[in-house]
Amino acid sequence: MNQTPILPVACAGLTVRYGRTTALEGLTLAVAPGQVFALLGRNGAGKSSLVRCLLGYQKPAEGSASLFGQDSWEHRARLMGRVGVVPEEPDTPPALTATQAAAFCRDLYPTWDQAGVTARLERFGVPAAVPAGSLSRGQKTQLALALALGPNPDLLILDDPTLGLDPVARRAFYQELLGDLADRGTTIFLTTHDLAGIEGIADRIGILREGRLIVDEAAETLKARHRLIRCGALTAAEAERALAPLAPVQVRTRAWGVEAVVAAFDEEAFQRLRLEAPEAEAEALSLEDLFMLAVATPLEVCP
Amino acid sequence: MNALTVAAHELNGKRNLVLGTLALGVVLLAAPWLPWLADMAAPDRRLLLALTPSLGVALALALLTGITMTGSDLQERRAGFYFARPLSGAAIFGGKLLGGMAMALAAAFLVLLPTLLMHWRPTWAQVPAALTLLPITALLVLATMALGNAASISLRCRSPWLLLELAALTLAGLLVWGALRRMLAMGSFLTIKWLVAGILLGVPAVYLAAGFWQVSRGRTDLRANHRALATATATLLLTLGLLAQAGSLWAVRVRPSDLRKPGLAGAQGAWALITGTPRWRGDFPTSLLWNPGKGTSLNLGCLPDPLEALFAANGQRLVYWTPNLGKDNAMVLQSVDLGRGAPTIRDTGIRLRPGFHPTALSQDGRRLAVLELQGPEAGLRVYDVDAGLALVSVPMAPCTTARLVFLDPGRVRIYSKATTLLADEGDIQEVALATRRLTTTGRLPAGTGLYHMERHAGLDRLLARLATGNGGHRLILADAATGAERATLATVAPGHTAKAAFLPDGGVALVTVQQMRAQLHLLDGQGRQEWAMALDTPPSRIMVLEASGPDRLLLGFRHLAGDAPHALEVDRTTRTAKFLGVFGFFPRLPSLEGPFQGTLFTRLTRTQSGPMLSRDMPGFYRLPMDF
């Protein structure tokens, strides 16, 4: 019998409004078990609203947000037993030391791994006896990550966790994340502006623009179907005609020729282009390029 | 369990603050050495000295915790630390509340501890009293925390929901004030205590419940918290206000069947004035106008003295005085027209300064005579009850006590005594209202007690009791206008008892108890004996002796002090007596008209024929007079 797996994260028609402003509109999304889903978007795109709905902090105006098949708003307290959260702004009470914060959390989770938390804090170099209010921004985030991983969660929700971290701290953060979760199969839902940081980490990419999910695709597929094609020694008119079979979504004229971005790269069509323009080159786009492209022009609107 | 984790976390975070209060307790030991506190050295005074700052510290910490328990986390966007854990909103708020309360109580105890250790040597009797301080302080702390939390959220957010809170608070206040006024008007002071206690407990409970709702629904967003808090507070406060209104309506809407141990203050026409304490309403005394024929009633509230209420002889009106509480404390005359339609209470506008004023109501109920006994305004004043105006004012010499009676709507008779001495004679005067002329018509015999007199209106005769000076007394029949003695009915030696009452035709019933022999005498209008009968057992006290019909009289008495009263009805024509039963309280016979005429309403505990429970009056027994 074919059994549908319970999705760690799912949204259906999720709409969030603040007065007359619509932050999220009809968002539908599903994250499979073990997936690392990176949600990208400009400031104000609705990422935090989505995270707030997923964590059950906010009741959606319409639609639903669910974790492990249960409504996040209704069953928040129960669901949080399986979820680790690293917030955008570290929220450990400033008077608590790392040890005290861990002691508080330890009593709340039956699966708490104190040894793991202690080891992680040592690796991060977070002092155990210093109140959280006196820690650096990076240390606070690392403390939050250590506390989030403490109960060995099935789902980790990270809301722009590397915001304000220096490159070293950012790298350490992702290394810890990767190293710790490599064999565990934990699902990760991540919002970030740190596109370079998640390159190679995220399995699936979602891009929000003005409250709508305009991209929701496996990172590999997304990258594979997008190409930057450079055609030197062609005039704009020639390039437009030659590139037409590849249906470019963006064409820019440069001093050296023309460059175009195609959203559905077709190797055969490209080879035919090369017959006409032998110097044409196709290269993969970085996540940052894809993001810039998405927020500038809609690549593809999700159904 | 999770709430306890949060509570322990809260307490642990502020343990240094709590321990710091111990230092204050130690400092207090030295307080009596301060010059202005030198008289506080006695152990009991030291305790008092320590209790005040102890309570102060508890409340200050409660306020501090209340203000910060959710507000600061929300404002600094740190509430997610708790909400990202497997903690329900109730566990978060409850835990913080519990932790804050434990902290405040622990701090209060630590402030008190040094003084307790050094100076308190409690007796066993003191321990329960001391322990009652704990729940009282805990309640105060909880209330302070809940109110502090609500104020903190409202002031930090300052969203338009604050207007809803303020509007609800105002409306609820008005509802409660209305309820209090209604109960004050009815004089149900004990119920007011309940209401005030309910409000004192209810308001903090509202804010506590609203706090739980706020955290459960608002979660990590300050504005959403304020919205949830404001809607819950408004809903609950209005509910509390409506409950107060409903409670006060219930408390003052008393029916005769609600009265415990009802008594009869008077009856005329179709209406009886009954008094008693309604069940489950704080035992406040109330008076009801009751029409047994129709089963309707009107609550007059708590009258200062229901026996001073006056029925018009034609049964068309009742007037009574109520205090104008909180204003000039004057006595205000209320009038209830009983003639037609549903009776309603009307403020006549007639006011008197507080104090004792003999009064009389004319037979038609339209005029009220009031005597001012002393002072520059001493004299008789007659009012038009319908218009609320003084009609006539006749100055008189001051007197100490008096009784008034309308002879007809234009004449008032005054029986008065200038001194308080019982042995002195009194005056009998009449005022003709048309001419405002005061005429002395006679003298009351020396020894006459004004409140031991009974007048027969038809014959204008008096039954009076005259003290003989040696502890005994005489019962006489006298002319009501002149006071001239017509006959001596009985001479009663000290320690013996006698009671006389007019019968409708002017005859007199007389009971004498002397030398353990009790006799009932029936006399004619001249005081001549018609017949007499011996009573089986001599009563120790005669409580009621009055006509229960043209040829019947009711005798209520106790055999022994402390006994339940017995009732006996005597048929004058057959010269037989019938034992009615043993009563739970003093029976009085209403001179009612209509289907219940001749019916004795009382709570019988035992009768010969067995009591009959009236259907429309649960709790009352109706004893039919079958002759």
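Residues numbered from 1 in each chain as written. Chains lettered and ligands numbered in written order. Predicted model: local features only at pLDDT ≥ 70, side-chain atom pairs only at ≥ 80, totals over all residues. Heavy atoms only, no water.

### Concerning the overall build of chain A
- Secondary structure summary: chain A contains eleven helices and 14 strands in total.
- Dimensions of chain A, computed from C-alpha atoms along their principal axes, come out at roughly 70 × 45 × 40 Å.
- Taking contacts inside chain A between residues at least 6 apart in sequence as the whole, the part at least 24 apart equals 68%.
- A distance of 4 Å separates the average location of the 29 positive side-chain charges in chain A from that of its 37 negative side-chain charges. (Helix = DSSP H or I, 4+ residues; strand = E, 2+ residues; numbered from the N terminus. Contact = heavy atoms within 4.5 Å. Lys, Arg positive; Asp, Glu negative; His and termini not counted. Charge placed at Lys NZ, Arg CZ, Asp CG, Glu CD.)

### Looking at helix α8 (residues 161-186) of chain B
Residues and elements named next belong to chain B.
- Under the 1.5 Å per step criterion, the end-to-end length of α8 is 38 Å for 26 residues, consistent within 8% with the ideal 38 Å.
- Inspection of α8 places Glu165, Ala168, Ala172, Leu175, Val176, Ala179, Leu180, Met183 and Met186 among the buried residues, and these make up the whole buried set.
- Just downstream of α8, glycine 187 is the residue with a positive phi angle, here 75°. (Expected span 1.5 Å × (residues − 1). Buried < 20%, exposed > 50% of the residue type's maximum accessible area, 1.4 Å probe, protein only.)

### Quick look at a nonpolar patch on the surface
Residues and elements named next belong to chain B.
- A contiguous nonpolar patch, built from Leu48, Leu51 and Leu133 and spanning about 250 Å² of accessible area, is present on the exposed surface.
- If you trace the backbone, leucine 48 turns up in helix α3 (residues 43-69).
- The class for leucine 48 is exposed, based on a relative accessible area of 53%. (Patch = residues over 30% accessible without salt bridge, like charges linked within 9 Å, V, L, I, M, F, W, Y side chains within 5 Å. Areas by Shrake-Rupley, 256 points an atom, 1.4 Å probe, with all protein chains shown as cover. Salt bridge = Lys/Arg side-chain N within 4 Å of Asp/Glu carboxyl O.)

### So, the pairing of strand β15 (residues 426-432) of chain B
Residue and element names in this part refer to chain B.
- Burial of β15 is extensive: five of the seven residues sit out of reach of the surface.
- Across seven bridges, the pairing between β15 and strand β16 (residues 437-444) is antiparallel. Bridge pairing in β16 places aspartate 427 opposite arginine 443.
- Adjacent in sequence and paired antiparallel, β15 and β16 are bridged by four residues, among which arginine 436 carries a positive phi angle near 60°. (Pairing = 2+ DSSP bridges.)

### Digging into empty space enclosed by the protein
Residues and elements named next belong to chain B.
- Inspection of every chain in the model, using the stated rule, returns three cavities of 30 Å³ or more.
- Surrounding the second largest cavity, 13 residues form its lining, Thr70, Ala79, Phe83, Ile92 and Val215 being those nearest its centre.
- The class makeup of the residues in the lining of the second largest cavity is seven nonpolar, three polar and three charged. (1 Å grid on protein atoms, 1.4 Å probe; cavity = no way out; pocket = protein on both sides within 12 Å on 5 of 7 lines; lining within 4 Å. Points joined across faces, edges and corners; volume = space filled by probe spheres on them. Nonpolar A, V, L, I, M, F, W, Y, C, P; charged D, E, K, R; others polar.)

### Let's talk about the interface of chain B and chain A
- Listed as interface residues are 22 residues of chain B and, on the opposing side, 25 residues of chain A.
- Surface buried jointly by chain B and chain A totals about 2200 Å² across both partners, of which 59% is contributed by carbon and sulfur atoms.
- Across the chain B-chain A interface, the total number found is zero salt bridges.
- Where chain B touches chain A, the interface holds eight residue pairs in polar contact (both at pLDDT 80 or more).
- Contributing elements (two or more residues each) for the side of chain B that touches chain A: α1 (2-13), α5 (80-83) and α9 (189-218) of chain B. (Buried area = accessible area lost by both parts, 1.4 Å probe. Polar contact = N/O pair within 3.5 Å; in protein donor to acceptor, adjacent residues only side chain to side chain.)

### Observations regarding the packing of aromatic side chains
- Tallied over the entire structure, the rule returns nine aromatic pairs over all chains.
- For the pair phenylalanine 104 of chain A and tyrosine 82 of chain B, a centre-to-centre distance of 5.9 Å together with 75° between the ring planes defines the contact as edge-to-face. Here phenylalanine 104 of chain A is found in helix α3 (residues 98-106), whereas its partner tyrosine 82 of chain B is found in helix α5 on a different chain.
- Overall, phenylalanine 104 of chain A belongs to the buried group, its relative accessible area being 4%.
- For the ring pair phenylalanine 93 of chain B and phenylalanine 212 of chain B, a centre distance of 4.9 Å and an interplane angle of 75° mean the geometry is edge-to-face. Separated by 119 residues along the polypeptide, phenylalanine 93 of chain B in helix α6 (residues 89-119) and phenylalanine 212 of chain B in helix α9 bring together distant segments of the chain.
- Given a relative accessible area of 0%, phenylalanine 93 of chain B falls into the buried group.
- These aromatic residues form a ring-pair network of at least three members: Phe104 of chain A together with Phe81 and Tyr82 of chain B.
- One cation-aromatic arrangement involves arginine 219 of chain B over tryptophan 73 of chain A; the distance from NZ or CZ to the ring centre is 3.6 Å. (Phe/Tyr/Trp six-rings, centres within 6.5 Å; stacked < 30°, edge-to-face > 60°. Lys NZ or Arg CZ within 6 Å of the ring centre and 35° of its normal.)

### Here's the deal with the sheet that holds strand β11 (residues 227-232) of chain A
Residue and element names in this part refer to chain A.
- Pairing within the open sheet is antiparallel, and its four strands lie in the order β12-β13-β11-β14. Two strands bound the open sheet, and with one partner strand each, they are β12 (248-254) and β14 (281-284). Each neighbouring strand pair of the sheet contributes to a mean axis angle of 20°, computed without reference to strand direction.
- With four bridges joining them, β11 and β14 adopt antiparallel strand pairing. Paired with arginine 230 across the strands is glutamate 281, a residue of β14. (Axes fitted to C-alpha atoms, helices over the stretch in contact; angles between N-to-C directions.)

By themselves, these observations are geometric and do not establish any function.
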